[in-house]
Structures are given as structure tokens and as C-alpha cells.
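Coordinate analysis (summary)
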Amino acid sequence: EKSDGKAPAEVKKEEKKTAKAKLPEMAAEDLAMLSSFLSDTTNLERNQQVDRILKYKLNPFEVLQCNTEQTGDEINVAYRKISLMVHPDKCRHKLAEEAFETCKKALAELQDEQKRAFYVEMMDAARLEAERELKKKKREQREKTKANKKVTAKDVTALRNAFLGGGKPAKRKK
């Protein structure tokens, strides 16, 4: 190891620089192709965000991809992240401006404590109603399945007649 009187931290920095320099050279054509791919990927993600925001625009928590327990600061950070993705100057989607306005509206609604409490209350009520409906459907399905499983003597006789030609069961010889 050559330290040349340098501190260990400086030696590590130089080793990292050397390691980075050892990366294989890429042809200009390959670099252009990689750049185009990354740009297309970013544009795709931006377009998907616009579509998602417009789909969930009635739910400000979903627009900003937040949950109800997040603080105001965390919501602001989420807003900055999403709004940069869909800003009309950066996103080519034809509805980017509408998505951006929806983000601003969602942030304003979540910053207002009364509106935020209203949304939380509505989401909780909707969740409870959905759970009740799910339980009701499961109960109805169980009852329907249970009713289909009941077999009567008439059903047994009909099956016996169908499979055995209608006769009484033969007595076994001992």
C-alpha cells in the first residue's frame, strides 16, 4: 500500500476515484441509447403519475400518496416529490397541468385541519361500510353453500334410481 504520507481517508478517496476511472468506456452511440432509454422511462413514470392522480383526484391522500397518520411536513415532502413529477414544464402529458392543479388542491385540503379531519372521517366510514358489505357477502355465500350441501332422502333415492336402475338396494348374503 502506498500512502505517500497521506491520511487513510485520503487514500480511500483516491482508490474510489481510481475504481470509477476503471469503468469500461461506452461508445457515443451506446451512451445516446442509454440516455434515450432513461428519458423514456422517466417520461413513462411521469405519464403514469398523471393518470394515477386524475384517477384518484377525489382523495387527496391518494393523490399525494400519503396516509392519514403522516405529519404536515411529511405531506409537504410528498407534495414536492409528486408535483415535480407532473409539473407541466417537465411532463409532456396533455393533462399534466390538470394533474398539477389537483396536487396543489390536495395539498391545500390536507393543510386545512378541518378538511383533513373530514377526509379522515369519511375514509374511516367508507372502510367500515366496505368491511360490513364484505362480511355480508361472505355470510350469504356461506349460507348458499350450506344450503347446496343439504341432501334429503328424496335426493338419495333419485340418485340411486339414476345410477342403479331404480331398484331397492340388494340385501347382502351372509
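Source: prediction; values computed, not measured.

1. What to know about the overall build of the protein chain
- A count of helical and extended segments in the protein chain gives seven helices and zero strands.
- Reading the protein chain from its N end, one meets helices and strands in the order α-α-α-α-α-α-α.
- Going through the 174 residues of the protein chain one by one, you find that 19% of them count as buried.
- The contacts of the protein chain with a sequence gap of at least 6 include a subset with a gap of at least 24, amounting to 60%.

2. Concerning the confidence of the model for the protein chain
- On average, the protein chain scores 82 in pLDDT, and the residues at 70 or more come to 76%.
- Highest mean pLDDT in the protein chain belongs to helix α5 (residues 96-111) (94); lowest belongs to helix α1 (residues 8-21) (61).

3. Some points on the side chain of R116
- With respect to the element layout, R116 can be found in helix α6 (residues 113-149).
- Among the polar contacts made by the side chain of R116, one reaches the main-chain carbonyl oxygen of T68 at a distance of 3.2 Å.
- Each residue touching R116, except ones within four places of it in the same chain, is listed here: F61, T68, E69, Q70, T71, G72, I75, E109 and L110.

4. Overview of the packing of α5 against α6
- Running from amino to carboxyl end, α5 crosses α6 at an angle of 95°, the nearest separation of the two axes being 5 Å. Looking at the two axes, α5 sits roughly perpendicular to α6. Taken together, the residues of α6 that come into contact with α5 (itself represented by E109, L110 and Q111) are E113, K115, R116 and Y119.
- Looking at the contact of α5 with α6 residue by residue, the classes come out as two nonpolar, one polar and four charged.

5. Quick look at the packing of helix α4 (residues 72-86) against α5
- Direction vectors running N to C along α4 and α5 enclose 175°, while the axes themselves pass 9 Å from each other. Overall, the two elements α4 and α5 adopt an arrangement that is roughly antiparallel. Contact residues: α4 offers I75, N76, Y79, I82, S83 and V86, while α5 offers A96, A99, F100, C103, K104, L107, L110 and Q111.
- When grouped by side-chain class, the residues that make up the contact of α4 with α5 number ten nonpolar, three polar and one charged.

6. Quick word on α4
- With 15 residues, α4 should cover 21 Å at 1.5 Å per step; its first-to-last C-alpha distance of 21 Å lies within 8% of that length.
- Residues of α4 that are buried: I75, N76, A78, Y79, I82, S83 and V86. Buried residues of α4 fall within an arc of 165° about the axis and therefore sit on the same side. Across α4 from its buried face, at more than 90 degrees, point the exposed residues D73 and K81.

Calculation rules
The numbers attached to residues start from 1 for each chain and follow its sequence in the written order. With the structure being a predicted model, the display of local features is reserved for residues of pLDDT at least 70 and the display and counting of side-chain atom pairs for 80 or more, all residues being used for whole-chain, interface and lining totals. Excluding hydrogens and water, the side-chain values take into account all heavy atoms of the structure. Each helix corresponds to a stretch of at least 4 residues labelled H or I by DSSP, and each strand to a stretch of at least 2 residues labelled E; elements are numbered beginning at the N terminus. For the exposure calls, accessible area comes from a 1.4 Å probe over protein chains only, and a residue counts as buried if that area is under 20% of its type's maximum, exposed if over 50%, partly exposed in between. Residue contacts follow a heavy-atom distance rule, with two residues in contact if any of their heavy atoms lie within 4.5 Å. pLDDT gives the predictor's per-residue confidence on a scale running from 0 to 100. A 3.5 Å cut-off defines polar contacts: any pair of N or O atoms within that distance qualifies, except that in protein one atom must be a possible hydrogen donor and the other a possible acceptor, and neighbouring residues in sequence count only when both atoms are side-chain atoms. Fitted lines through C-alpha atoms serve as axes, helices being fitted only where they are in contact, and the angles separating the N-to-C directions of these axes extend from 0 to 180 degrees. Orientation is classified from the angle alone, with under 35 degrees giving roughly parallel, over 145 giving roughly antiparallel, 65 to 115 giving roughly perpendicular, and any other angle giving oblique. Each residue is assigned to one class: nonpolar for Ala, Val, Leu, Ile, Met, Phe, Trp, Tyr, Cys and Pro, charged for Asp, Glu, Lys and Arg, and polar for all the others, Gly among them. In this scheme, a helix's expected span is set at 1.5 Å multiplied by one less than its residue total. The directions considered for the arc are those from the helix axis to the C-beta atoms.

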